[in-house]
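Analysis of the macromolecular model
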Amino acid sequence: MQLPKYKKKKRIKLKICQYCGKEFWGHPIAKYCELHRDVKQREKTKKSPEPGDSNNKTYSHDLIEVVEESWICELDGCGKTYVVKVFPKQYVYPRFCEEHRNEFRRRNYIRQKLMEDIRKTRAAAAKAAAPKVAAPAKVAAKPAAKAAAGAAKVVVPKDAVKDVKPKPAKKISGTKA
Ligand SMILES: [Zn+2]
Ligand SMILES: [Zn+2]
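Residues numbered from 1 in each chain as written. Chains lettered and ligands numbered in written order. Predicted model: local features only at pLDDT ≥ 70, side-chain atom pairs only at ≥ 80, totals over all residues.

1. Here's the deal with the overall build of the chain
Keep this limit in mind: To qualify as a helix, a DSSP run of H or I must reach at least 4 residues; to qualify as a strand, a run of E must reach at least 2; elements of each kind are numbered from the N terminus. Buried, partly exposed and exposed are defined by the number of other C-beta atoms within 10 Å of a residue's own C-beta, namely 20 or more, between the two limits, and 12 or fewer respectively, with C-beta atoms placed from the backbone. C-beta atoms are placed from the backbone for every residue, and two residues are taken to be in contact when these atoms lie within 7 Å.
A count of helices and strands for the chain gives six helices and six strands. Along the chain, from the amino end to the carboxyl end, the secondary structure elements read α-β-β-α-β-β-β-β-α-α-α-α. Looking at the chain as a whole, 7% of its 177 residues are labelled buried. Taking contacts inside the chain between residues at least 6 apart in sequence as the whole, the part at least 24 apart equals 34%.

2. Brief notes about helix 3 (residues 103-129)
Rules: Multiplying 1.5 Å by the residue count of a helix minus one yields the expected span of that helix.
Over its 27 residues, helix 3 runs 38 Å from end to end, which matches the ideal 39 Å to within 8%, given 1.5 Å per residue. By the criterion of burial, helix 3 is predominantly exposed, with just one of the 27 residues buried.

3. Overview of the environment of Phe-87
Along the polypeptide, Phe-87 turns up in the loop between strand 5 (81-86) and strand 6 (92-94). Once the C-alpha coordinates of Phe-87 and Leu-63 are considered, the two residues, 24 residues apart in sequence, prove to be 7.3 Å apart.

4. Some thoughts on unusual backbone geometry
One non-glycine residue, Lys-89, lies in the positive phi region at around 65°. Structurally, Lys-89 is set in the loop between strand 5 and strand 6. A residue is classified by how many C-beta atoms lie within 10 Å of it, and Lys-89, with 13 of them, is partly exposed.

5. Details of the confidence of the model for the chain
Selection criterion: Predictor confidence is given residue by residue as pLDDT, running from a minimum of 0 to a maximum of 100.
When the pLDDT values of the chain are averaged, the result is 76; 63% of them are 70 or greater. Ranking the elements of the chain by mean pLDDT puts helix 5 (residues 156-164) last with 50 and strand 4 (residues 67-72) first with 97. Under a pLDDT of 50 for its full length, residues 48-53 has, in the predicted model, two contacts with residues more than four places off or in other chains.

6. Digging into the environment of Tyr-109
When you line up the elements, Tyr-109 lands in helix 3. For Tyr-109, a count of 18 C-beta atoms within 10 Å puts it in the partly exposed group. For the pair formed by Tyr-109 and Asp-76, sequence separation is 33 residues and the distance between their alpha carbons is 9.4 Å. Apart from the residues within four sequence positions on either side, Tyr-109 is in contact with Leu-75 and His-100.

7. Here we look at the environment of Val-66
Examined against the element boundaries, Val-66 turns out to sit in the loop between strand 3 (56-58) and strand 4. Note on Val-66: 10 C-beta atoms within 10 Å, which makes it exposed. It is 10.0 Å that separates the C-alpha atoms of Val-66 and Lys-89, two residues lying 23 residues apart in sequence.

8. Section: the pairing of strand 1 (residues 13-16)
This is how the line gets drawn: A pair of strands counts as paired when DSSP detects no fewer than two bridges linking them.
As judged from the four bridges shared by strand 1 and strand 2 (residues 23-26), these two strands associate in the antiparallel manner. Considered in strand 2, the bridge of Lys-13 is made with Gly-26. Counting the residues between successive antiparallel strands, the hairpin from strand 1 to strand 2 contains six residues, one of them, Gly-21, with a positive phi of roughly 85°.

9. Remarks on the pairing of strand 4
Across the six residues of strand 4, zero count as buried, placing the element largely on the outside. Across six bridges, the pairing between strand 4 and strand 5 is antiparallel. Across the sheet, the residue bridging to Val-67 is Val-86, located in strand 5.

Right, here's the structure in full:
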């Protein structure tokens, strides 16, 4: 009765976890490594991917030949498609398009998107807050004030102002005298 036991032991094979891609020793029907045999563990990792491995994701498949697939970048707001070569028995693949496979670029993208959103909401808020009549008046007043300030420095318009002012002054003095 020892022979069948020995045979049973021999059936243990080197397998690859369908969830994390790690090699483990298990029965031919075993799909997951010791850790991921527990469904709760698989769910857990799904929700919070390993911090050092956020560039990649686990893709479960039973392909027996290399297949090119089009995936969509998971970076919020990107939506670009990228082609992934899916290899048999390989389950870890890039999560982002070529452009966003680097953490710095992803952060940069998110920052720029945030800034854009802030700018948009500010512009919308300014439009909503400003009275319809006052808005064009403000725009007109600002350049005028700037022009006057600039004119004072250039002096030329000062003469023009002087030319205008003395005329009524003469008139006034004329009427007085
Ligand atoms: Zn595993
Ligand atoms: Zn992307």
